[in-house]
Every structure is written in structure tokens, then in C-alpha cells.
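Coordinate analysis (summary)
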Amino acid sequence: MILGGLQTCSFSDYPAKTAAVVFTQGCNFRCPFCHNGSLLQTKSKGTLSEKYFFEFLKKRIGLLDGVVISGGEPTLQNDLARFIACIKELGFAVKLDTNGSNPTMVEKLLSGNLIDYIAMDIKAPLEKYDTLCGRQVDIANIRTTISLISTGSIAHHFRTTKVDTLLTPGDILQIQSLVPQKSGHTLQTFIPEIALQAFW
Ligand code: SF4
């Protein structure tokens, strides 16, 4: 795994649990509102070793409930399932954050009972996806991942970063219409000061 950072304790990233947040290095999107610009380069070797991460985690057994795997985009990493299995062996619950671009990996993790919670960003109405993600996006993959998550049995929610200069109130309604009826959806606060691109 190529890791780009670690937040040792969070009370807000995993619903109802205390968790460490580990950030994977590399992302296939370039959302202009991204708050994690340093994590986007896929060719980077990362800044955190697995050895350091697991040594840290062993010291948190009994102190933290879970681990959030965020990014970057975690599902780009081929050995994600192995990495998660090692975390679960230590007794931690695992939440995955994803941009939904890799349904094959999401399906593998779900069918292997490797994750306990999943949060997926729905970035935009489907016709505006390329603009909001800064890349050409395969919309079929986004639809498939929404379906996999919403029809699965694990806890989940969808979320959208609300950028008023990029998303109109009508766009927000369209995004909400993509969220399956029994699934939750939250709007996340956009912080322009730490965005990948300048907003003014
Ligand atoms: S906000 Fe976009 S560019 Fe940033 S890590 Fe998430 S998916 Fe990648």
C-alpha cells in the first residue's frame, strides 16, 4: 500500500466511533475543490510506511474503535483487501471512503466482508461529473458503485461537497435524486482556503 498520511484520532470521520484515519496516496480525479491536494499524485512513493502504521495501530488496540481508509482514492490500490484484512485482524472496524470510480474493488471488499461502513462521494449531477472531477469519468462505474453500496447490507452513506460556485441548488436536487431511497446523504462544507484550485 502507498500511504500518504495518518490522523491518529478522529471523532467525526466514522459515525459513532473513535477512529484513526489513514490516507492512501494517489487519486484518479482532480476535483477543483479537493482538500487533499498533496495526496493526488499516483507516482509518489507516499510518506507513511505500512510498518509505521501497523506499529501505531497495535498501540491503539482497546483505545480506538475503528480505522477510516481515505485518500486520495483507496480503491486504486491493488492490495487494499490485504491491507484491510490486516487491520481487521487487530480487531478494528473499518470504514472506507471512496469516489465510486472502481466498482470492481468495492464489490470485492463487500463480498469479502472486509468493510463495516462505506461512504461514497456523489460529486455532481451525472452530466456535470467531468467538470466537478476535473477528469473524464466513466459514469457507468459511478452508477454501479451507488447500486452496489445501496443494495448491500453494510452501513453506508453518500455525500457531496457543496461548492456554491460549481453546484446550483438545482444540481443539488439532481444529486439527491441519485441517492437511493433508503440511503443517507450529507452535504459537506467546502473550505475554499485549502482547495486544490483557487476559488474567488
Ligand atoms: S476530492 Fe476528488 S481529487 Fe480529492 S481525493 Fe477526493 S476524489 Fe480525489
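Residues numbered from 1 in each chain as written. Predicted model: local features only at pLDDT ≥ 70, side-chain atom pairs only at ≥ 80, totals over all residues. Heavy atoms only, no water.

**Observations concerning the overall build of the protein**
Note the threshold: Strands are runs of DSSP state E lasting at least 2 residues, helices are runs of H or I lasting at least 4, and numbering of each runs from the N terminus. For the radius of gyration, the atom set is restricted to C-alpha positions; the globular benchmark scales as 2.2 Å times the number of residues to the power 0.38. A simple rule labels every residue: compare its accessible area, found with a 1.4 Å probe on the protein chains alone, to the largest value its type can have, and call it buried under 20%, exposed over 50%, or partly exposed in between. Should any heavy atoms of two residues lie within 4.5 Å, those residues are counted as being in contact. Computed by Shrake-Rupley with a 1.4 Å probe, the accessible areas treat only the displayed protein chains as cover when residues are assessed. Charge convention: Lys and Arg are scored as positive, Asp and Glu as negative, and His as well as the terminal groups of each chain are ignored. Charge positions are represented by NZ for Lys, CZ for Arg, CG for Asp and CD for Glu.
The helix and strand tally for the protein stands at six helices and seven strands. Reading the secondary structure of the protein in the N-to-C direction produces β-β-α-β-α-β-α-β-α-α-β-α-β. Here the protein has a C-alpha radius of gyration of 16 Å; the compact-globule value for 200 residues is 16 Å, and the two agree. Judged by the C-alpha coordinates and their principal axes, the protein covers about 45 × 35 × 30 Å. Relative to its full complement of 200 residues, the protein shows a buried share of 50%. Excluding contacts between residues fewer than 6 apart, the proportion of contacts in the protein whose partners are at least 24 apart in sequence is 70%. Counting every atom, the protein has about 9,800 Å² of accessible surface; 51% of that belongs to carbon and sulfur. The distance from the centre of the 19 positive side-chain charges to the centre of the 17 negative ones in the protein is 4 Å.

**A short note on the nonpolar core**
We apply this condition: Think of a nonpolar core as a cluster: buried Ala, Val, Leu, Ile, Met, Phe, Trp, Tyr and Cys residues, connected wherever their side-chain atoms sit within 4.5 Å.
Phe53, Ile69, Leu80, Phe83, Ile87, Leu109 and Ile115 are the most contacted members of the largest nonpolar core, which has 54 residues in total. It is helix 2 (residues 80–89) that contributes the most residues to this core, five residues altogether. Excluding anything up to four places from it in sequence, Leu109 contacts Leu80, Ala81, Ile84, Leu96, Leu114 and Ile115. Ala19, Phe23, Val68 and Tyr117 belong to the second-largest nonpolar core, a separate cluster that totals eight residues.

**What about the environment of Leu63?**
In this structure, Leu63 sits in the loop between helix 1 (50–58) and strand 3 (66–70). With 45 residues separating them in the primary sequence, Leu63 and Thr18 have C-alpha atoms 8.4 Å apart.

**So, the environment of Ser44**
Mapping Ser44 onto the fold places it in the loop between strand 2 (19–24) and helix 1. Here Ser44 falls in the partly exposed class, since its relative accessible area comes to 25%.

**Here we look at unusual backbone geometry**
Here Gly71 and Gly72 are connected by a cis peptide whose omega angle stands at 10°. If you trace the backbone, Gly72 turns up in the loop between strand 3 and helix 2.

**Some details on the site of the ligand**
Definition in use: Nearness is judged by heavy atoms alone; a residue qualifies as near a molecule or strand once a single heavy atom is within 4 Å of it. Here a cavity is any set of points on a 1 Å grid over the protein atoms alone where a 1.4 Å probe fits but cannot get out, and a pocket is any open set with protein on both sides within 12 Å along at least 5 of 7 lines; a residue lines the site when it has an atom within 4 Å of a point. Cavity and pocket membership follows a simple rule, namely that a molecule belongs there if more than half of its atoms are within 2 Å of the grid points. Ten residue types, Ala, Val, Leu, Ile, Met, Phe, Trp, Tyr, Cys and Pro, are classed as nonpolar, four, Asp, Glu, Lys and Arg, as charged, and the remainder, Gly among them, as polar.
All residues in the neighbourhood of the ligand are listed as Cys27, Phe29, Arg30, Cys31, Cys34, Leu40, Gly72, Asn99 and Lys123. One can see that the ligand is located within the largest pocket. A per-class count over the shell around the ligand returns five nonpolar, two polar and two charged.

**A few points about the state of the cysteines**
Condition: Cysteine sulfur atoms that pair up within 2.5 Å are treated as a disulfide.
With the rule as written, the count across this model stands at zero disulfides. There is no disulfide at Cys133, and the cysteine sulfur nearest it, in Cys31, is 4.5 Å away.

**Topic: the layout of surface pockets**
Counted only if it meets this: Grid points are joined across faces, edges and corners, and a volume is the space filled by probe spheres set on the points.
Of the volumes computed, that of the largest pocket is approximately 770 Å³. Elements with a minimum of two residues in the lining of the largest pocket: strand 2, strand 4 (93–98), strand 6 (155–162) and strand 7 (184–189). Its residues assigned to classes, the lining of the largest pocket comprises 10 nonpolar, 14 polar and seven charged.

**A short note on the side chain of Asp97**
Within the secondary structure, Asp97 is located in strand 4. Residue classification places Asp97 among the buried residues on the basis of a relative accessible area of 6%. Among residues more than four places away in sequence, those in contact with Asp97 are Val68, Ile69, Ser70, Glu73, Pro74, Ala119 and Arg159.

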